[in-house]
Amino acid sequence: MKGTGPTDSTDSTDSSDGADATGDRAAPDDAPDAVVELPDYAERVLGVAELIPPGKVMTYGDVAEWLKDEEHPHGPAPGGPRQVGRVMALYGGAVPWWRVVRADGALLPGNELRALAHYRDEGTPLKGASAASEGHIPRIDMRRARWDGGGGA
């Protein structure tokens, strides 16, 4: 898998996954010739993000645990939640980045409205924001939205 740059450089609202016939990811419009070869760990993180069904989420820690538990020729992945977050920040624009979230269900700062649009389109369970919360942005209802990687969505 090859990826694009930061999550805020692309918008994944269309149904296309950005991959061409060979599976390579297209670069952002402002850098049409740039294709990034991803480190193995980044490939693995993005692969998990692509598995999360619409309307469900995994936390950064969930993804890190998944990678530690998976069978892989290179062995278990060494990273934790912070490393998963870094991968998503650098390369997540090529995958459904809004499905990898903070454990408290708070929306990603700076991308709240874009993520919220995706959550509403996909029917992701949300908790209403209290009147005291800044901007009245809801949170993800983690009890109902969290995906454990099982067969059902």
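Residues numbered from 1 in each chain as written. Predicted model: local features only at pLDDT ≥ 70, side-chain atom pairs only at ≥ 80, totals over all residues. Heavy atoms only, no water.

K.L.:
Would you explain the overall build of the protein in this entry?
P.N.:
When helices and strands are tallied, the protein shows five helices and six strands. Tracing the protein from N to C terminus, the helices and strands come up as β-β-α-β-α-α-β-α-β-β-α. Looking at the protein as a whole, 42% of its 153 residues qualify as buried. With an accessible surface of roughly 8400 Å², the protein has 51% of that area assigned to carbon and sulfur atoms. (Helix = DSSP H or I, 4+ residues; strand = E, 2+ residues; numbered from the N terminus. Buried < 20%, exposed > 50% of the residue type's maximum accessible area, 1.4 Å probe, protein only. Areas by Shrake-Rupley, 256 points an atom, 1.4 Å probe, with all protein chains shown as cover.)

K.L.:
Hey, could you run me through the packing of aromatic side chains in this one?
P.N.:
The way to describe two aromatic rings as a pair is by their centre distance and the angle between their planes. Under the criterion given, the structure shown has two aromatic pairs. Relative to Trp98, the ring of Trp97 lies with its centre 5.7 Å away and its plane at 85°, an arrangement referred to as edge-to-face. Considered together, Trp97 and Trp98 belong to a single accessibility category, that of buried residues. (Phe/Tyr/Trp six-rings, centres within 6.5 Å; stacked < 30°, edge-to-face > 60°.)

K.L.:
It is not clear to me how the nonpolar core should be interpreted in this structure. Could you clarify?
P.N.:
The nonpolar side chains of soluble globular proteins are, as a tendency, buried together. Counting residues in each nonpolar core, the largest one holds 32 residues, and the members touching the most others are Val45, Val63, Val84, Met88, Val100, Tyr119 and Ile140. Of all elements in the fold, only helix H1 (40-51), helix H2 (60-69), helix H3 (81-91), strand E4 (100-101), helix H4 (112-122) and helix H5 (142-145) reach the threshold of two or more residues within this core. The biggest single contributor to this core is H1, with six residues. Excluding its chain neighbours within four sequence positions, the residues that come into contact with Ile140 are Val57, Val101, Gly105, Leu107, Tyr119, Thr124, Pro125, Leu126, Lys127 and Ala145. (Core = buried A, V, L, I, M, F, W, Y, C linked by side-chain atoms within 4.5 Å. Contact = heavy atoms within 4.5 Å.)

K.L.:
Help me understand the packing of H1 against H2, please; the structure alone is not making it clear to me.
P.N.:
Between two packed helices, what matters for the description is the angle formed by their axes and the separation of those axes. Orientation of H1 relative to H2, taken along the N-to-C sense of each, is 115°, at an axis distance of 10 Å. The angle between the axes of H1 and H2 places the two elements in the roughly perpendicular class. For the pair H1 and H2, the crossing hand works out as right-handed. Contacts from Tyr41, Arg44, Val45, Val48 and Leu51 in H1 reach Val63, Trp66 and Leu67 in H2. (Axes fitted to C-alpha atoms, helices over the stretch in contact; angles between N-to-C directions. Parallel < 35°, antiparallel > 145°, perpendicular 65-115°, else oblique. Left-handed = near helix turned anticlockwise from the far one by under 90°.)

K.L.:
Explain H1 to me, please; I cannot follow it from the model alone.
P.N.:
Because an α-helix packs 3.6 residues into every turn, residues spaced three or four apart end up facing the same way. Here H1 contains twelve residues, and its C-alpha end-to-end distance of 17 Å stays within 8% of the 16 Å for a straight helix at 1.5 Å per residue. Here H1 has its buried residues at Tyr41, Ala42, Glu43, Arg44, Val45, Leu46, Val48 and Ala49. (Expected span 1.5 Å × (residues − 1).)

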